[in-house]
Amino acid sequence: MAKKNFLVDMDGVLVHGSTMVPGADKFIQSLIDDERKFAILTNNSKYTARDLAHMLNKAGLNIDESLLFTSAMATAEFLASQKPNGKAFVIGEVGLTAAIHSQGYIQTAVDPDFVVLGETNAYSFDQITQAVRLINAGARFIATNPDPNGPSESGTIPATGAMAALIEKATGKAAFFVGKPNTLMMRTALNHFDMHSEETFMIGDRMDTDVLSGISGGMETILVLSGSTKREEIDKYPFQPKHVFESVADINVTQFD
C-alpha cells in the first residue's frame with residue numbers, strides 16, 4: 001500500500017507568526033524520515049515561496065521553498081488558465097505580484113482583464129477607488145482568499161476578505177476567491193505537487209477553510225487545535241474532520257497508510 005501524502009497548512013499549524021508551534025520541527029522531520037511526500041499551503045498571499053521558506057527556517061523549520069504553495073500562486077495559475085498573457089490591476093505585496101508576473105501577465109491600470117486583490121501591509125484608498133472603477137468598467141474581480149481577518153504579532157488584523165467586502169459593496173459585484181475553502185486551491189496544489197486526493201491528508205487548524213476545503217477536495221482531514229479552532233467548536237459544523245489532535249506534535253505519520 002502506498003504511503004499517504006500530506007498537505008499541511010502553515011499558520012496555526014506549524015507557526016504562530018514567527019514562532020514555531022512546539023514540536024512542529026519534529027513532525028516535519030518525521031515526514032522526511034518516513035519518506036512521505038508533503039507540501040505546505042497558506043492562504044497568505046503577501047510573500048513568495050522563497051520568503052516563506054526563509055521565515056520558516058528562522059523559526060526553526062527547515063523547509064525548502066519548492067515545498068510551499070500560496071494562494072497567490074494558485075491565483076496566478078487561475079488567471080493564466082482563464083486568459084493566458086493577460087493584464088491585471090493588482091493590489092497586493094510581492095508574493096502576489098511576482099506570481100502573476102511569472103505567468104506572463106502585464107500589471108496595469110489601463111483596461112485590465114482582471115482586478116486582483118490580495119493581502120497587503122498598506123491598503124490605499126486611491127487603489128481601492130481605482131479597483132472599484134475598473135470593475136465597474138468591466139474588469140473581472142478576483143481575490144486570493146476570503147479570510148476576513150488574520151493573526152499578527154500584535155493581534156488580529158483585517159485580511160483580504162474584509163477588503164473584498166468593501167469593494168463588493170461599492171461595485172455590487174462579487175469577487176471570485178481562489179484560496180481555501182475553494183477546492184480550486186486544493187486541486188491546483190495537488191496538481192502542482194503531483195499528488196492524488198485519495199492518497200492525501202489535509203492538516204489544518206480551521207474548520208471553515210482547511211477542513212472544508214480538504215473534504216470538498218476528496219481528501220481525508222486532520223484538525224489540530226493549536227490555531228483558530230477550539231475543541232468545543234467542532235460540533236457546530238455539519239462536516240467533521242477524520243482526526244483531531246492537539247497539535248502536529250501528536251501526529252504519528254506512520255499510522256496513516
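Just so you know, the residues in each chain are numbered from 1, in the order the chain's sequence is written. Confidence filtering applies because this is a predicted model: local features only for residues at pLDDT of at least 70, side-chain atom pairs given and counted only at 80 or more, and all residues used for totals across whole chains, interfaces and linings. Each side-chain value is worked out from all heavy atoms of the structure, with water and hydrogens disregarded.

A. The environment of G218, seen in detail. Within the secondary structure, G218 sits in the loop between α8 (207-216) and β14 (220-224). Sequence separation between G218 and M202 is 16 residues; the distance between their C-alpha atoms is 9.8 Å. Contact partners of G218, with chain neighbours within four places excluded, come to S197 and E198. In this description a helix means any DSSP run of H or I spanning at least four residues, a strand means any run of E spanning at least two, and both kinds are numbered starting from the N terminus. Any two residues whose heavy atoms approach within 4.5 Å at even a single point are treated as in contact.

B. Geometry of the pattern of salt bridges. One side-chain nitrogen of Lys or Arg within 4 Å of one carboxyl oxygen of Asp or Glu is enough to make a salt bridge. Per the stated rule, a full pass over the model turns up nine salt bridges. One salt bridge connects K180 with D210, and the closest N-O pair in it is separated by 2.7 Å. One end of the pair, K180, is in the loop between β12 (176-177) and α7 (183-192); the other, D210, is in helix α8, with 30 residues separating them in the sequence. Three exposure classes are used, based on accessible area relative to the maximum for each residue type with a 1.4 Å probe and protein chains only: buried under 20%, partly exposed in between, and exposed over 50%. You can call D210 buried: its relative accessible area is 1%. Note that R206 and D208 form a salt bridge whose closest N and O atoms lie 3.1 Å from each other. A relative accessible area of 30% means that D208 is categorised as partly exposed.

C. Here's a closer look at the packing of helix α3 (residues 71-82) against helix α4 (residues 94-102). Interhelical geometry of α3 versus α4 gives an angle of 30° and a closest axis separation of 8 Å. The angle between α3 and α4 places the two elements in the roughly parallel class. At the point where α3 passes α4, the crossing takes the right-handed sense. From α3, A72, M73, A76 and L79 reach across to α4, where they touch G95, L96, A99 and I100. Of the residues in the contact of α3 with α4, the class split is seven nonpolar, one polar and no charged. Only the contacting stretch of a helix is used when fitting its axis, a line to C-alpha atoms as for every element, and angles between N-to-C directions run 0 to 180 degrees. Oblique is the label for any angle not covered by the other classes, which are roughly parallel (under 35 degrees), roughly antiparallel (over 145) and roughly perpendicular (65 to 115). Each crossing gets its hand from how the near helix is turned against the far one by less than a right angle, where anticlockwise is left-handed and clockwise is right-handed. Each residue receives one of three labels: charged for Asp, Glu, Lys and Arg, nonpolar for Ala, Val, Leu, Ile, Met, Phe, Trp, Tyr, Cys and Pro, and polar for the others, Gly being one of them.

D. Main features of α8. Inspection of α8 places M207, T209, D210, V211, S213 and G214 among the buried residues, and these make up the whole buried set. Count one or two residues on from α8 and you reach G218, which has phi positive near 85°.

E. The sheet that holds strand β5 (residues 68-70), seen in detail. Here, a strand pair is defined by DSSP locating no fewer than two bridges between the strands. Taken together, the six strands give an open sheet; going across it, the order is β5-β4-β1-β13-β14-β15, and neighbouring strands pair in parallel fashion. Looking at the sheet topology across the chains shown, the edges are occupied by β5 and β15 (243-245). Adjacent strand axes in the sheet meet at a mean angle of 25° when their direction is disregarded. Sheet topology places strand β1 (residues 5-9) next to strand β13 (residues 200-204); four bridges connect them, and they run parallel. Following the sheet pairing, V8 is matched in β13 by I203. Relative to β5, helix α2 (residues 49-59) is tilted by about 125°, and along the sheet it contacts β4 (38-42) and β5.

F. Quick look at the packing of aromatic side chains. When two rings of Phe, Tyr or Trp (its six-membered ring) have centres within 6.5 Å they constitute a pair, described as stacked for plane angles under 30 degrees, edge-to-face for angles over 60, and tilted for the intermediate range. All told, the structure shown has eight aromatic pairs when counted by the stated rule. Geometrically, the ring pair formed by F6 and F256 is edge-to-face, given 6.1 Å between the ring centres and 85° between the ring planes. Taken together, the residues F6 in strand β1 and F256 in the segment after β15 connect sequence positions 250 residues apart. Neither residue differs from the other here; F6 and F256 are each classed as buried. What links up through ring pairs into an aromatic cluster is the set F6, F201, F245 and F256.

G. Summary view of the environment of A175. Relative to the assigned elements, A175 resides in the loop between α6 (160-171) and β12. Residue A175 is classed as buried on the basis of its relative accessible area of 12%. For the pair formed by A175 and V116, sequence separation is 59 residues and the distance between their alpha carbons is 9.2 Å. Not counting chain neighbours up to four residues away, the residues in contact with A175 comprise F141, A143 and E168.

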